[in-house]
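Residue-level structural notes
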Amino acid sequence: MTEPGAADAQMSSNDADAFVALSNLLDSITATPMNRSLHIQHLALCKSTPVLAAQLGTARDMYTSLLAVPESVWLPILDERTQETSIEELEAVNAMHELFVKAETDYLSIEILKRHATFLITVSELTLSEEGFKMSGYNEDDIRTKLQEVVSRGEGDMAHGSEVWNLWIEWELSRLEAIEEARQDRIATLHEAYLARLDFPHASNDSTFEAYSGFVSTYLPPAAYEDTMVKASAARQNALREWSKRADHERALVNGPAAYAAYLRWEKNPHALKTERVRCLYERAIADAAGRRSAEGDEGVAAGKWEGVFWMDLIRFIIEHAGDEHLEMSLFARAIRSVPENGEVWAAYIRTLERHDLAEQIPDVYAGAMDTNLLSASDVVEITLAYGAQLKRLLMSSDTPEPDEALHDILTTMLKTAVKKVRSLEGADPRLRLEKFWSSIYVDLHEPSEEIMETARKVWGSAVTFYSNSYLAWSLYAQFIWQDLRDINRARRTYQEAAVRSQLDWPEAIFDAWIDFEHRFGTADEVEAALIRVKHLSDKVTTKRQEEAETYMARTTHIQAEQQALQAVESVPQPVAGMDVDSAVDSHRDSKKKRKAEDEGEGSASKRPRAAEQVVEQPAQVSMSPAPAEPAYLKRDRENSSVLVSGLPMDATEDALRQLFRDCGEIREIKLSEVPGNHVATVEFMTKDSVPAALTKDKKRISGAEIAVNLAWKCTLFVTNFPEKYDDPTIRQLFSPFGTIIDVRWPSKRINTTRRFCYVQYTSPSSANDALSLNDQELENDRRISVNISDPTRKKQRTDAGADKREVYVAGLARGVKKEELEKLFGEKGSVKEVRLALGPDGLCKGFGFVEFQDEVGAEAALSLNNTEFRKRRLAVTLADARVHARKELPGTGQGRQVDLRNRSVRLRKIPPGTQEAIIQQVVEKHASVRKVVMKTGTDEAIVECDTIADAGKLTLSSDRIVVNGHPLEVLEESAAQAVRPAAGSSTGMFAPRTAGPRPKAGLGHKGTAGRATRAAAGSQASAGRAGITSNSGAVNGAGTNKGQDDFRKMLSGGK
């Protein structure tokens, strides 16, 4: 048992630790008062430590005075202050009202608005009572105005805005009973308010309509009731339709910022854009993200990034669509309190002040941004360039021959301070944007003089001192010397000094620049001397890189060996009675088939391997001791043999990349591409052994731009289990806040229509790692998205291979069946992952569906339910093989399936090069139901197979053009597209196909040759009739003019 004295000592020790922690936190907050995470820690410490409970109010006041805070912080403050406020004291009521307004300014919160409205109504009960307690600013009209302001802040929230609106309308109705003068005017005003609310899409429209019915029956003449209600019912139908379109999005918002991003993308459809609705939805998204920032770990970090994205998107949207200066200024004032760490917001704020002729405010805004001490190096550069450009424009607009000295001093001092700050921060400014801008001040604004040029030279001299290993710094410095100072000898010395630096990030570039300089300005001797020197230096660089690559390879090999040894210990094989050699071989074949399916492109459903790639399998030999496991590297091994190069200059070429990687190994393929704000390339080597040497090129330079070289798979995410409605734009919207996306790759659905996964590739591994915070987030009810790095050594975890074996197809279902019923029924056979029902337009089951299990065992067990009775109907349960399609032939023709397929298909033309098959299908599915899309290899065409002939008709007759990647496509009926091609057997083609006919079937009634000849004749005549040519019966036996492919082969080889 602990002695009392010991307990007191322990308590005192804990209290002392708490006060020390509080003191340290307060010191940190003093240094960076706008750091939100410190304030969140401050609140948490005061809440969790009893001895610091008295400090909680101070912590909240400090937080709310410096930053915008979410409702979770405001609500306790408002509740406490409301209880303490005496509503009989004008000063106290005013202070409480102003506190509510301040809280509402931070973020949209329905709960805060409801409390504010309730407070005002409570005040009105005193000031408007019969006793007549008067209070300046709170008579009936004053309170009405204040309540309407509260309502206007929240009524745009379609899901919950009615909660505030209802408080106001109930107060208005209560006032009707207390007034006599102008009563009919108030009734008319409220009548219009009801109609306006019914015309606005919102979740409780039915409740509003019911309340309106009571209002009409109470305050309008009885004879007008029926006609009034009929008109109101008709008028609100559009609002009901608008809400129904948004209902799914609204329900999904509980899942957080990603769901808001998808909703916003849909709401901003230019065909039905309503600025106020979009603005309100942005406000809700910002408030949601802000509320999640207090979460620990990746979730809180991701929420902060989302909030910054939403703020900048809202600001851009308002600038583009509203053109409201007051609204823009108010948004910036709020945004810098919400995300003061976001340099993009500050820079946009400065530009907006200049656009609206409010430049006098810019110095204070710039100083405020810098004083936050939260900005990264790139943020400081962005803000400084925004302010510096404004000052430079002001200087250049002067009519005097020389610029304003005072203004010029402000600009140069600001740049000097900013450059110093950037160099003190992580990453600094490798592109030297500030130095380039600073140097341009002297060159563009002054008459050239020795003193001015020397000042500019010192800017570059300082740059090469700090960025001493930067090719770009030395190159720009030397260029400034020979181009602006016209000092050739000094420039030559600069090139020589740069070339001999052993740690230069891209020596080849400086070598080339030096040689080019000598060819332009040097003598023959100077050119030759430079060439000889560069040759010696190049040899040294090559030797050094080879040594670095060998060291890296040895270290990597050692690490891999240790990992393989550890895996071997962890997976010791269990003793077995015997070994099934055939099973082992089959397993080997299956793994090759799965890999081949992943390796094949989108162009062909089935391809024969080239002769060089065909595997000759030797008889398996059983060994008593297991062979050491080999890493599961792929035959071509794209993933392990590829690097991603980002940060390339706009003029980068494939030759420049080959030059950079020339000493790393043989290159198989280079793919250059452009993404917003970046140029990237994927470099694939012949073997994975070349990759370690290639990674040493990280932070080298091409044409002055510092590049980044990373393993391609480390920048790529494997994403699955997202909602079925998610398409390419939705996925890009979801993942774009974490970094620049290079590409989103989708699997073809021509064979397996149930595939639901994609690969998202970023320009850097850090972006991919940040996006992992989305993993396991619930984007819709009972569906959590899976996001993982696309590690090639974990291929089985990132593929849908074998999904069909885990899924069963269920037919014979009753129309009223629910997913929950099937989950319960099939849950008895195994763990059910998902149930999908095919629903008709009425929302009822069309009679079939799919049940996916967590493993194959559950699916196999579910087959026992085949032919069992469920809800008085017999079920048909089979494994869901997506490759099997029902064949439906029209009677009498023998070609009904082909005719039906052709009638259900359309041909798309003018498809942009490189378009993914899956992207086309996603776009087309927005117009009609589609079974599959097949790209025609080597053309700009694709065949779309629709579910029905009516769906094909929708595509060909639709007034809305099908647009893919900004390119409108041409849509043709497949039968019409085939008609313009040469008919089979005509003389316009080189080859004619063999006469087509059904294959003979084994069994009763099929005699082989005779039946085959008869059907062939019928088919030939039918074909001839469609092509508009005549045919005789002899053509069937080869006596006519029709010839097969064998005849044409003989003709071409000289035979007869």
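The rules we used
Residues numbered from 1 in each chain as written. Predicted model: local features only at pLDDT ≥ 70, side-chain atom pairs only at ≥ 80, totals over all residues. Heavy atoms only, no water. Helix = DSSP H or I, 4+ residues; strand = E, 2+ residues; numbered from the N terminus. Polar contact = N/O pair within 3.5 Å; in protein donor to acceptor, adjacent residues only side chain to side chain. Contact = heavy atoms within 4.5 Å. Buried < 20%, exposed > 50% of the residue type's maximum accessible area, 1.4 Å probe, protein only. Salt bridge = Lys/Arg side-chain N within 4 Å of Asp/Glu carboxyl O.

The name an unreviewed UniProt entry assigns to the chain is U4/U6 snRNA-associated-splicing factor PRP24, from the organism Dacryopinax primogenitus.

Turning to the side chain of E140, a few remarks are in order. In this fold, E140 is placed in helix 7 (residues 140-154). A distance of 3.3 Å separates a polar atom in the side chain of E140 from a polar atom in the side chain of R175. Beyond its immediate chain neighbours, meaning those up to four positions away, E140 contacts L128, W171, R175 and I179.

With respect to the helices and strands, C280 occurs in helix 14 (residues 275-292). When the C-alpha atoms of C280 and L314 are compared, they prove to be 9.7 Å apart, with 34 residues separating the residues in sequence. For C280, the contacting residues outside a window of four places in its chain are L108, G156 and D157.

Further remarks concern unusual backbone geometry. You will see that N373, though not glycine, has its phi angle at about 55 degrees, which is positive. You can see N373 is positioned in the loop between helix 18 (362-371) and helix 19 (377-396). Since its relative accessible area comes to 44%, N373 is described here as partly exposed. Positioned with a positive phi, K910 is a non-glycine residue whose angle comes to about 65 degrees. Residue position: K910 is located in the loop between strand 19 (905-909) and helix 35 (917-924).

So, on to the environment of E435. Its place among the elements puts E435 in helix 21 (residues 433-445). On the basis of relative accessible area, E435 is assigned to the buried category, the value being 2%. The sequence separation of E435 and A463 amounts to 28 residues, and the corresponding C-alpha distance is 7.3 Å. Among residues more than four places away in sequence, those in contact with E435 are V419, R423, D429, V459, W460, A463 and Y467.

Counting across every chain of the model gives 63 salt bridges. Between E852 and K833 there is a salt bridge whose closest N-O contact spans 3.8 Å. Separated by 19 residues along the polypeptide, E852 in strand 15 (residues 845-853) and K833 in strand 14 (residues 832-839) bring together distant segments of the chain. Here K833 falls in the partly exposed class, since its relative accessible area comes to 41%. Through salt bridges with shared partners, a single network forms among E140, D141, R144, E172, R175 and R186.

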